[in-house]
Amino acid sequence: MSSNLRIIRICEQCGIEFEARKTTSKTCSDDCAKRAYKARKRAEKVEGSNKQVERIKAKPIEDLKAQVYLTVDETARLIRISRRTLYRMNERGELRFVKLGRRTVIPRLDIDRLFEQPKSVSRPMTVVIQLSDCYTMKEVIQKYGISEKALHNLIRRNEIPKQYNGIYAYVPKFRIDQLLSPTVTPS
Ligand SMILES: [Zn+2]
């Protein structure tokens, strides 16, 4: 027995009327079904990427600081520079990009390194202390009653700067007093 009940639908893709074989049909043809599917996927993707942007924006800076790896977007947010600048820095070899699967990430340590002071070895610090504010070795030995060897060890261990004037070596009084004076509690 053939049913003369016809299901008439409007294709959601092309908008024409069609006779559906199933009540669930939404498109007139395989072609429209495929195109409708693709459109749906595209919409999902756009929504997903919008959500991702929102998620990144909502992520507090503090969270970013605690991460081992940051995406390019997160890095740009954290240090307030553009993605374009980050890519340029990468091209110049100033910033390493790491591929984690399909993602490009930047190690947190490398980001921190961008802000480090140049190493102090390149410009040694010169301490200028007036000789009147210094002891000679002999003065320290006499004042504190320690041996010459103990004094040399003390100077080396505490990296006390020595100055020379003629044959005499001078050391800053305040450093020596700090270390040897019994009135000051040693740290
Ligand atoms: Zn159609």
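Residues numbered from 1 in each chain as written. Predicted model: local features only at pLDDT ≥ 70, side-chain atom pairs only at ≥ 80, totals over all residues. Heavy atoms only, no water.

An unreviewed UniProt entry lists the protein chain under the name DNA-binding protein, with Larkinella knui as the source organism.

(A) Region of interest: the overall build of the protein chain. Of the regular secondary structure elements, the protein chain holds eight helices and eight strands. Put simply, 38% of the contacts in the protein chain that link residues at least 6 apart link residues at least 24 apart. Total accessible area computed for the protein chain in this model is approximately 14800 Å², and 52% of it derives from carbon and sulfur atoms. (Helix = DSSP H or I, 4+ residues; strand = E, 2+ residues; numbered from the N terminus. Contact = heavy atoms within 4.5 Å. Areas by Shrake-Rupley, 256 points an atom, 1.4 Å probe, with all protein chains shown as cover.)

(B) Geometry of the packing of aromatic side chains. In the structure shown here, the tally under the stated rule is one aromatic pair. Both rings, one in Tyr87 and one in Phe97, keep their centres 5.2 Å apart while their planes meet at 85 degrees; by these two values the pair is edge-to-face. Of this pair, Tyr87 sits in helix 4 (residues 83-91) while Phe97 sits in the loop between helix 4 and strand 4 (98-100); the two residues are 10 residues apart in sequence, bridging distant segments of the chain. Judged by relative accessible area, Tyr87 falls into the partly exposed class, the value being 33%. On the accessibility criterion, Phe97 (18% relative accessible area) is buried. (Phe/Tyr/Trp six-rings, centres within 6.5 Å; stacked < 30°, edge-to-face > 60°. Buried < 20%, exposed > 50% of the residue type's maximum accessible area, 1.4 Å probe, protein only.)

(C) Local environment of the sheet that holds strand 7 (residues 163-165). Spatially, the three strands line up as an open sheet ordered 6-8-7, and their pairing is antiparallel. Where the open sheet ends on each side, the last strands, each with one partner, are strand 6 (134-136) and strand 7. Strand-to-strand twist of the sheet, defined as the mean angle between neighbouring strand axes without regard to direction, takes the value 40 degrees. In terms of strand pairing, strand 7 meets strand 8 (residues 168-172) through three bridges, oriented antiparallel. Bridged to Gln163 within strand 8 is Tyr170. Packed onto the sheet, helix 6 (residues 137-144) meets strand 6 and strand 8 and runs at close to 85 degrees relative to strand 6. (Pairing = 2+ DSSP bridges. Axes fitted to C-alpha atoms, helices over the stretch in contact; angles between N-to-C directions.)

(D) Structural detail: the sheet that holds strand 4. With antiparallel pairing, the three strands of this open sheet are ordered in space as 3-5-4. In the strand order of this sheet, the two ends are held by strand 3 (69-71) and strand 4, each with one partner. Strand after strand, the sheet turns through a mean of 50 degrees between neighbouring axes, direction not considered. Pairing geometry for strand 4 and strand 5 (residues 103-107), over three bridges, is antiparallel. Across the sheet, residue Lys99 finds its bridge partner in strand 5, namely Thr104. Taken strand by strand, helix 3 (residues 72-79) contacts strand 3 and strand 5, and its axis lies near 95 degrees from that of strand 3.

(E) Just the pairing of strand 8, in detail. Burial within strand 8 is extensive, with four of its five residues counted as buried. Taken together, the three bridges between strand 6 and strand 8 define a ladder with antiparallel strand orientation. Directly across from Cys134, in strand 8, lies its bridge partner Pro172. In this antiparallel pair of consecutive strands, strand 7 and strand 8, the connection spans two residues, and Gly166 shows a positive phi of 65 degrees.

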